Amino acid sequence: MKKLLSLSLALAMALSLAACGGGNNNSSNGGGAASGGNAGGSNPSTPSGGSGASVTLQVGFENSSSEPFGQGMAKWQELLAAENCGLEIALYPDSQLGDKSSLIDSMTLGEGVCTLADGAFYADYGVNDFGIVFGPFLFDEWDDCWTLIESDWYKAQCEALEQKGLHIIASNWMYGARHTLTTKPVNTVDDLYGLKIRVPTNEIQTQGFNVLGATATGMPLGDVYTALSTSNIDGAENPLATLYGRSLQEVAKYLILDGHVLNFTTLVCSADWYNSLTPEQQTALTETCKAAAEYNNGLVKDADGDYLQKMKDAGVTVVEPSDEVLAGFREKAQAFYDMGSTFGWSDGLYDTVKAAMGK
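My aim in this report is to walk through the structure given alongside it, one point at a time. Every chain is numbered on its own, with residues counted from 1 as its sequence reads. Predicted model: local features are reported for residues with pLDDT of at least 70 only, side-chain atom pairs are reported and counted for 80 or more only, and whole-chain, interface and lining totals are derived from all residues. Only hydrogens and water are removed before side-chain values are computed, so all heavy atoms of the structure are retained for them.

Secondary structure is summarised from DSSP: a helix means a run of H or I of at least four residues, a strand means a run of E of at least two, and numbering begins at the N terminus for each. Each helix and strand counted, the chain has 15 helices and nine strands in total. Each residue is placed in one exposure class: buried if its accessible area under a 1.4 Å probe, protein chains only, is under 20% of its type's maximum, exposed if it is over 50%, and partly exposed if it falls in between. Buried residues in the chain amount to 53% of all 359 residues. A contact between two residues is defined here by any heavy atoms of the two lying within 4.5 Å. Sequence-distant contacts in the chain: of pairs separated by 6 or more residues, those separated by 24 or more amount to 75%. When the accessible area of the chain is evaluated, it comes to approximately 14800 Å², of which 48% is carbon and sulfur surface. Where accessible areas are quoted, they stem from the Shrake-Rupley method and a 1.4 Å probe; at the residue level, only the protein chains shown are allowed to cover.

Here it is in structure tokens:
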């Protein structure tokens, strides 16, 4: 009986390895670079209790599982599992693996972790020009984003990021239009003057809000509820799904739908870890991520109206600014694009990016 059991286990392992092109040694152990310590405290290359025949990517994010992004992540996990290629993802919502900057730091060391991140973070990791994609009021509509990510300019940014040790898996994720939720009424851009507004911890988003007259305050998303409750900050900005998903409407009752950033986002991992995968695994990871993004984008579009109504039902006063009011926001935002030397941007970057969008 023991001999029969051993033969069965050996056959099962052989079939598992064959499913993704013959059990490349690098892909079965994460290529070595990710085998040390990591943000989650365990080996990210293999699932706990597994035989080592499968590679696991730990995906950490600040959002809740109930948000469209969280549901999109679950779809990615499902689609990748269906590929049966010896590669899987484990999901860690609600900052369980730590904040975004810590995760990205782990990636640069070759760890098998992944998170969502944007050009503003990539600027802080040495790809300066990438930061412009998070500039205020850069995009007029979502199609501008999708045109840009297919451009030669964008591909060059991704290649530069690869040299920093970071690989973008997919860029077609709609995170949402970012709006501003405050503890005090904001009806025009002038009302932001002096308000302490939480932004993610990067220079681009900090300066993007400072030019609007606010005092930007960088902090992890998980700390925002408490900071609003204790009046350490006066507001926060994010898409409606994230603002509501973190229950911020309980402690801030004024929302202006300024849409200051149309936020597409990317899923990023260690370049070393990615390069340790077999070609079949790389293709599966990328294509399922892109497909899950389409699912996510549909959820985001459908959910905005529902989240807005939930905000109103929770007693939030909602301002839908007129074209004139938005023009005031845009006018102040232009000062951001005059700060290129501060950010280390290439000469004429704003015009270059607009041209890449066909503007």
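That was the structure; now back to the text.
What follows deals with the nonpolar core. For the purposes of this section, nonpolar cores are sets of buried Ala, Val, Leu, Ile, Met, Phe, Trp, Tyr and Cys residues that join through side-chain atoms within 4.5 Å. Residues Phe130, Trp153 and Leu192 are the most contacted members of the largest nonpolar core, which totals 59 residues. At five residues, strand E8 (residues 254–270) tops the list of elements feeding residues into this core. The contacts of Phe130, once residues within four sequence positions are left out, are Gly119, Tyr122, Tyr154, Gln157, Cys158, Leu161 and Ile168. Val55, Tyr274, Ala292 and Ala293 belong to the second largest nonpolar core, which has 27 residues in total.

In this description, a line fitted to the C-alpha atoms serves as the axis of each element, helices being fitted only across the stretch in contact, and the angle between N-to-C directions of two axes falls anywhere from 0 to 180 degrees. The contact between helix H3 (residues 68–83) and helix H12 (residues 279–313) brings their axes to 8 Å, and the two run at 150°. Between H3 and H12, the angle falls in the class roughly antiparallel. As H3 runs across H12, the sense of the crossing is right-handed. In this structure, H3 contributes Pro68, Phe69, Gln71, Gly72, Lys75, Trp76, Leu79, Leu80 and Glu83 to the contact, and H12 contributes Ala284, Leu285, Thr288, Cys289, Ala291, Ala292, Tyr295, Asn296, Leu299, Val300, Ala303 and Tyr307. In the scheme used here, Gly and all other residues not listed as nonpolar or charged are polar, with Ala, Val, Leu, Ile, Met, Phe, Trp, Tyr, Cys and Pro taken as nonpolar and Asp, Glu, Lys and Arg as charged. Split into classes, the residues belonging to the contact of H3 with H12 amount to 15 nonpolar, four polar and two charged. Working rule for angles: under 35 degrees goes down as roughly parallel, over 145 as roughly antiparallel, 65 to 115 as roughly perpendicular, anything else as oblique. Take the far helix as your reference; a near helix turned counterclockwise from it by less than a right angle gives a left-handed crossing, and one turned clockwise gives a right-handed crossing.

In this section: the pattern of salt bridges. By definition, a salt bridge exists where a carboxyl oxygen of Asp or Glu is found within 4 Å of a side-chain nitrogen of Lys or Arg. Following the criterion strictly, the structure yields eight salt bridges and no others. Close ionic contact of Arg178 with Glu237 constitutes a salt bridge, the shortest N to O distance being 2.7 Å. Highlighted residues: Arg178 in strand E4 (residues 166–182) and Glu237 in strand E7 (residues 235–238), separated in sequence by 59 residues. With respect to burial, Arg178 and Glu237 carry one shared label: buried. Its salt-bridge partner being Asp190, residue Lys332 comes within 3.6 Å of it at the nearest N-O pair.

Below, the discussion takes up the pairing of E7. Here E7 shows two buried faces, one formed by Gly235 and Glu237 and the other by Ala236 and Asn238. Across four bridges, the pairing between E4 and E7 is antiparallel. Bridging from a neighbouring strand, Thr182 pairs with Gly235 of E7. Any two strands between which DSSP finds at least two bridges are classified as paired. Across two bridges, strand E5 (residues 196–199) lies against E7 in parallel orientation. If you follow Arg198 over to E7, its bridge partner there is Ala236.

Let's shift gears to the environment of Asp302. Tracing the sequence through the fold places Asp302 in helix H12. You can call Asp302 exposed: its relative accessible area is 61%.

Attention shifts here to unusual backbone geometry. Outside of glycine, negative phi angles account for most residues, and trans bonds account for most peptide bonds. Even without a glycine there, the phi angle at Asp94 is positive, about 55°. The topology assignment puts Asp94 in the loop between strand E2 (87–92) and helix H4 (100–108). One non-glycine residue, Phe137, lies in positive phi territory at about 60°. With respect to the secondary-structure elements, Phe137 resides in the loop between helix H5 (119–124) and helix H6 (142–149). On the basis of relative accessibility, which here comes to 7%, the residue Phe137 falls in the buried class.

What follows is about the packing of aromatic side chains. Only rings of Phe, Tyr and Trp enter the pairing, Trp through its six-membered ring, and a pair is recorded when the two centres are within 6.5 Å. The plane angle decides the type: under 30 degrees is stacked, over 60 is edge-to-face, the rest tilted. What the rule picks out here adds up to 16 aromatic pairs. Taking the centre distance of 5.3 Å and the plane angle of 90° together, the rings of Phe130 and Tyr154 count as edge-to-face. One end of the pair, Phe130, is in the loop between H5 and H6; the other, Tyr154, is in helix H7 (residues 152–163), and 24 residues separate them in sequence. Summarising the burial analysis for this pair, Phe130 and Tyr154 share the class buried. By way of ring pairs, the aromatic residues Tyr122, Phe130, Phe139, Trp142, Trp146, Tyr154 and Phe264 are connected into one cluster.

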